[in-house]
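Structural overview for review
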Number of protein chains: 2
Amino acid sequence: MKVTYKGDYALKTILDLALHYDKELVTTHDLAVRIDAPIKFLEQVLSELKKGGFIESRRGNVGGYMLARKPAKITVGEVIRFIDGPIEPIACLKGEYANCSDINKCVFRKVWEDTTKAISGVIDNVNFDDLVSKVKSQQEEPIYSI
Amino acid sequence: MKVTYKGDYALKTILDLALHYDKELVTTHDLAVRIDAPIKFLEQVLSELKKGGFIESRRGNVGGYMLARKPAKITVGEVIRFIDGPIEPIACLKGEYANCSDINKCVFRKVWEDTTKAISGVIDNVNFDDLVSKVKSQQEEPIYSI
DNA sequence: TACTTATCCTATCTGCTTAGTAGGAATTGT
DNA sequence: ACAATTCCTACTAAGCAGATAGGATAAGTA
């Protein structure tokens, strides 16, 4: 599993849109400023997220983006898998590996399967409602230091 | 976390040497044939594994390689980390990431930390004695099909 | 001593992926 | 008509993976 900049931008995009859910549309420009991403690169990420059914858009003068689903219905795992590809640590689990003469006898296979499950157990159990709550609780946090 | 061919060859190398532990030295040639790796590429992997203290070598006519430690004292996690680098799914956990303005406020950080722990929980708890046992039990397995 | 069989060392190469850039077409409200 | 936006396609620079190449060095043996 490797989370690229593209995946990182995608996650931050979904989180930003989740914070504006049921309010106003978000433009690429505003998003790019807030998540600190190159706007032209971000455009491509947004295009993919739209194709993936994560977000919707409105073109023209007062256009912008919004989430296609409720934040609670989108998980980190879904987004990462869609943008950065399968989370398997090694290609052999996808059957795209030349060096597995007898895949059923490979003693490492179980290790990679267990690893994949362990990763899934984390990223598939965090949704964007959780993250929105976390962001909001951080903002409300009292200041303990003087 | 991404396991490369190099990492895969390294793991298979350690396993093969574990299967020959306390017996004879293993040559690069024999190893290359058994694990199906290009010999010149494998040489580089062996060189790294030696630098990492996993294996020892003997040069010359009757040379070859052997494990530097007992199979039980080498884990899959150790080898992978040494050959393929840190298992963190994203660079921000290593502090090598430009896009984290305030790392303590990033709500994704915990996700990546939890992911890293989950992966470690698997790969750091498999050692090469476990794998040797598994290989041997597979070899002894009765044939159920006619 | 010559020869063989090993490990060891360093440089080079090719294709792929990541991250980003560039330029403009299409759409929509004012 | 104009401005602001999404949308589309192509290109590029840098880095990395996965080798390949050519030999130097070491050690046992006839």
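As a starting point, this report considers the structure included with it. This is a predicted model, so every value here is computed, not measured.

Section: helix H2 (residues 28-35) of chain A
Residues and elements named next belong to chain A. Residues of H2 that are buried: Thr28, Leu31, Ala32 and Ile35. Looking straight down H2, one finds that the buried residues subtend no more than 100 degrees of arc, so they occupy a single side. Structurally, H2 contributes buried residues whose contacts are with helix H1 (5-19), helix H3 (39-51) and strand S2 (64-67). Just past H2, the residue Asp36 takes up positive phi, approximately 60 degrees.

Points about the interface of chain B and chain A
Each partner contributes to the interface: chain B provides 37 residues, whereas chain A provides 37 residues. The tally of links from chain B across to chain A stands at zero salt bridges. Inspection of the chain B/chain A interface yields three residue pairs in polar contact (both at pLDDT 80 or more). Every element with two or more residues in the side of chain B that touches chain A is listed here: helix H1 (5-19), helix H4 (76-84), helix H5 (109-123) and helix H6 (128-140) of chain B. The leading source of residues in the side of chain B that touches chain A is H5 of chain B, at nine residues. The class makeup of the residues in the side of chain B that touches chain A is 25 nonpolar, four polar and eight charged.

Focus: the environment of Pro71 of chain A
Residues and elements named next belong to chain A. Within the element layout of this structure, Pro71 appears in the loop between S2 and helix H4 (76-84). Judged by relative accessible area, which is 7%, Pro71 ranks as buried. When neighbours within four sequence positions are excluded, Pro71 is seen to be in contact with Ala18, Tyr21, Asn127, Phe128 and Asp129.

Section: the packing of helix H5 (residues 109-123) of chain A against H5 of chain B
Running from N to C, H5 of chain A and H5 of chain B cross one another at 155 degrees; their axes reach a closest spacing of 9 Å. Taken as axis vectors, H5 of chain A and H5 of chain B run roughly antiparallel relative to one another. Once H5 of chain A is placed against H5 of chain B, the crossing between them reads as right-handed. Residues Val111, Trp112, Asp114, Thr115, Ala118, Ile119, Val122 and Ile123 of chain A of H5 of chain A lie in contact with H5 of chain B, whose contacting residues are Val111, Trp112, Asp114, Thr115, Ala118, Ile119, Val122 and Ile123 of chain B.

Topic: the protein's contact with DNA strand C
Around DNA strand C, 26 residues are found, and the nearest of them are Lys40 and Gln44 of chain A together with Lys50, Ser57 and Tyr65 of chain B. A distance of 3.3 Å separates a phosphate oxygen of DNA strand C from a polar side-chain atom of Tyr9 of chain A. Within the side chain of Lys40 of chain A, an N or O atom sits 2.5 Å from a base oxygen of DNA strand C. Taken together, the elements giving at least two residues each to the surface near DNA strand C come down to H1 and H3 of chain A together with helix H3 (39-51), strand S1 (55-58) and strand S2 (64-67) of chain B. Its residues assigned to classes, the surface near DNA strand C shows six nonpolar, 11 polar and nine charged.

Parameters at a glance
Residues numbered from 1 in each chain as written. Chains lettered and ligands numbered in written order. Predicted model: local features only at pLDDT ≥ 70, side-chain atom pairs only at ≥ 80, totals over all residues. Heavy atoms only, no water. Buried < 20%, exposed > 50% of the residue type's maximum accessible area, 1.4 Å probe, protein only. Helix = DSSP H or I, 4+ residues; strand = E, 2+ residues; numbered from the N terminus. Arc of directions from axis to C-beta. Contact = heavy atoms within 4.5 Å. Salt bridge = Lys/Arg side-chain N within 4 Å of Asp/Glu carboxyl O. Polar contact = N/O pair within 3.5 Å; in protein donor to acceptor, adjacent residues only side chain to side chain. Nonpolar A, V, L, I, M, F, W, Y, C, P; charged D, E, K, R; others polar. Axes fitted to C-alpha atoms, helices over the stretch in contact; angles between N-to-C directions. Parallel < 35°, antiparallel > 145°, perpendicular 65-115°, else oblique. Left-handed = near helix turned anticlockwise from the far one by under 90°. Near = heavy atom within 4 Å.

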